[in-house]
Each structure stands twice: as C-alpha cells, then as structure tokens.
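What follows is each chain in one-letter form.
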Amino acid sequence: DAKTTQPNSMESNEEEPVHLPCNHSTISGTDYIHWYRQLPSQGPEYVIHGLTSNVNNRMASLAIAEDRKSSTLILHRATLRDAAVYYCILRSNSNSGYALNFGKGTSLLVTP
Amino acid sequence: KAGVTQTPRYLIKTRGQQVTLSCSPISGHRSVSWYQQTPGQGLQFLFEYFSETQRNKGNFPGRFSGRQFSNSRSEMNVSTLELGDSALYLCASRTGLDEKLFFGSGTQLSVL
C-alpha cells in the first residue's frame, strides 16, 4: 500500500484557518485520498475524501496537488472542538475489499 | 438514524480466555469492518465483511476471527487471549456503495 507522511503535531489559534499537509509520493492512479479525525476517547470520524479534484464539504476542504503526490486538509475556522488527531489515508480502489491503513496522523492543538 | 453500536463498552479478561465483541452497524449498511487500536501500533485493520462474506483480512493471527449475520450485525472473536491483545477494538460500517466509513466508540478490552 502507498504510504502517507504527515507532521507529528501542529498548533493553531482558535478561529484561524488550519492547513494540514500530507505527502503521498507513491500514490497510484486509483487511490482515494481520505481524511479522518479522532477526538479523545472516540472512534475516528470521517472528514473528507477525494480522488483528483479539490473537494469541499461542511467540515473542511481538501486541496489535491496536480500531480496528486500531496494534499492539504483545510479547516477554515478552527474551534476548540477541532483538537484531534487527523489521519491522511490512501485507500486502494482494488477488488480486495475495503480497508483503511491508518498511520500515526497529525495531532492538532487548538489554543484559545 | 442510530450510529454504529458496539457492546460491551469495557471488558476485562484473563490470559487464555476467549472473548466475543458485538457490533450493530448503521441501518442499511452492508459492510462492517473491525480495527484494533493500541498506543504502540496505532489503528490497524483486522477484517471486513460484506453481505456475510469476509472480503479482506489484515495481518493478524488466526486467533482473531469474525462473522457477519444476515441482518449485517457482526461479531468478532479472539481466542486464547494474550496480554498484547489489550486494545480498543473499533467497528465501522458503510453502505458498500460510497467511501465514507462510520466508526463506533469501540470496546476497550483489558487482558490481565
């Protein structure tokens, strides 16, 4: 499986935008880019996913580089509730079922 | 709509015993997968079931098994428990048609 590289931790001020980077230089053409986050004492929560084009939803935006070797999760206005571990995951669109290979993620600290 | 429900929330077992964990997916979801989360190894994929068939399996020993029933509910069994099996076991479901995975809050298993 193609791997992703994320910073171990990032810090942001409340109400400011946050850009969480992810490198995936070995991505293949059919790999989906997923982002999940995990708040303390909870299961992971789906944030957003994309294939080639940038994506927006009510939680965040996903900016995908033209060569697809990197992507950025954008939280437009960080709140204290956004403090979590954010995972960038590549999911292979193969016929062997559905599995997510979580890495270590980025721990986001949001300060008031 | 109710989310993914896992029971029990906490479980304490001793080495050598076996344990069965239960997962009720979101109504209408046909795919159920299981993940193990430990501080050392992070989140690791165990297996995925779709319409009662195991479609994908992670790199875990045969002591870890699962099944899915016709109503999509799933159970996971671990036999001959070892201390290293202490972990948060997370169940997740999806419709099978889209990319979003919905996680439960997990079962915290402690093996003494």
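If you're wondering where the values come from, they're calculated on a predicted model, not measured in any experiment.

Asker: Help me out: how do you make sense of the overall build of chain A in this one?
Answerer: Across its full length, chain A carries zero helices and nine strands. Tracing chain A from N to C terminus, the helices and strands come up as β-β-β-β-β-β-β-β-β. Here the C-alpha atoms of chain A give a radius of gyration of 14 Å, agreeing with the 13 Å that 2.2 N^0.38 yields for 112 residues. In terms of overall dimensions, chain A has C-alpha extents of about 45 × 30 × 25 Å along its principal axes. The buried share of chain A, reckoned over its 112 residues, is 45%. Long-range contacts, defined here as pairs at least 24 residues apart, represent 56% of the contacts in chain A between residues at least 6 apart. Surface exposure of chain A reaches about 5,800 Å², of which carbon and sulfur atoms provide 46%. Side-chain charges in chain A split into 9 positive and 10 negative, and the spacing between the mean points of these groups amounts to 7 Å.

Asker: Would you mind going over unusual backbone geometry with me for this structure?
Answerer: In most cases, non-glycine residues show a negative phi, while peptide bonds are predominantly trans. Of note, the bond from B:Thr7 into B:Pro8 is cis; its omega dihedral lies within 30 degrees of zero at -10°. With respect to the helices and strands, the residue B:Pro8 is situated in the loop between β1 (5–7) and β2 (10–13). Within the chain, A:Arg68 stands out as a residue other than glycine whose phi angle is a positive 65°. Tracing the backbone through its elements, the reader meets A:Arg68 in the loop between β6 (61–64) and β7 (70–75).

Asker: Please explain the pattern of salt bridges as it appears in this structure.
Answerer: Opposite charge on two side chains allows them to pair when their charged atoms are near. The final tally for this structure, using the stated rule, is 10 salt bridges over all chains. The partner of A:Arg91 in a salt bridge is B:Glu99, with the nearest N and O atoms 2.7 Å apart. Placement of the pair is A:Arg91 in strand β8 (residues 84–92) and B:Glu99 in the loop between β9 (87–94) and β10 (102–103), with the two residues belonging to separate chains. You can call B:Glu99 buried: its relative accessible area is 8%. A salt bridge links B:Arg55 to B:Glu48, with the shortest nitrogen-to-oxygen separation between them at 3.0 Å. Overall, B:Glu48 belongs to the buried group, its relative accessible area being 0%.

Asker: Mind showing me how you'd approach the interface of chain B and chain A here?
Answerer: Size of an interface: often given as the accessible area lost when the parts come together. With 17 residues of chain B in contact, the opposing surface of chain A contributes 18 residues. Interface of chain B and chain A: buried area, both sides summed, is about 1,500 Å²; carbon and sulfur atoms make up 54% of it. Contact with chain A buries area across many residues of chain B, yet B:Leu43, B:Glu99 and B:Phe103 alone supply 40% of it, more than any other trio. For the pair chain B and chain A, the interface holds one salt bridge. Where chain B meets chain A, there are seven residue pairs in polar contact (both at pLDDT 80 or more). Secondary-structure elements contributing two or more residues to the side of chain B that touches chain A are β4 (31–38), β5 (42–50), β6 (53–57) and β9 of chain B. For the side of chain B that touches chain A, the element with the highest residue contribution is β5(B), accounting for three residues.

Asker: I tried to follow the confidence of the model for chain A on my own but got confused; where do I start?
Answerer: Segments scoring low in pLDDT should not have their predicted coordinates read at a detailed level. Confidence along chain A averages 93 in pLDDT terms, with 97% of residues attaining 70 or more. At the level of individual helices and strands, chain A shows its lowest average pLDDT in β8(A), which scores 94, and its highest in β6(A), which scores 98.

Reading guide: rules and limits
Residue numbering note: each chain is counted from 1, following its sequence as written. For this description, chains carry letters from A and ligands carry numbers from 1, given in the order in which they are written. Totals for whole chains, interfaces and linings use every residue, but because this is a predicted model, local features are given only for residues with pLDDT of at least 70 and side-chain atom pairs only at 80 or more, for both listing and counting. Water and hydrogen atoms were dropped before computing side-chain values, which therefore reflect all heavy atoms in the structure. Secondary structure counts use DSSP, requiring at least four H or I residues in a row for a helix and at least two E residues in a row for a strand, with both numbered from the N terminus. With C-alpha atoms as the basis for the radius of gyration, the globule rule is written as 2.2 Å multiplied by the number of residues raised to the power 0.38. When a residue's accessible area, from a 1.4 Å probe over protein chains only, is under 20% of the maximum for its type it is buried; when over 50% it is exposed; and in between it is partly exposed. Here a residue-residue contact requires only that any non-hydrogen atoms of the pair lie within 4.5 Å. Values of accessible area rely on a 1.4 Å probe in the Shrake-Rupley scheme; residue burial ignores everything except the protein chains shown. Two residue types count as positive, namely Lys and Arg, and two as negative, namely Asp and Glu; His and chain ends fall outside the count. For charged residues, the charge sits on one atom: NZ in Lys, CZ in Arg, CG in Asp, CD in Glu. What counts as a salt bridge is simple: a side-chain nitrogen of Lys or Arg found within 4 Å of a carboxyl oxygen of Asp or Glu. Buried area: the sum, over both parts, of the accessible surface (1.4 Å probe) that disappears when the two are put together. Two N or O atoms count as a polar contact when they lie within 3.5 Å, although within protein this holds only if one can serve as hydrogen donor and the other as acceptor, and sequence-adjacent residues are included solely when both atoms are side-chain atoms. Confidence scores here are pLDDT values: one per residue, from the predictor, ranging 0 to 100.

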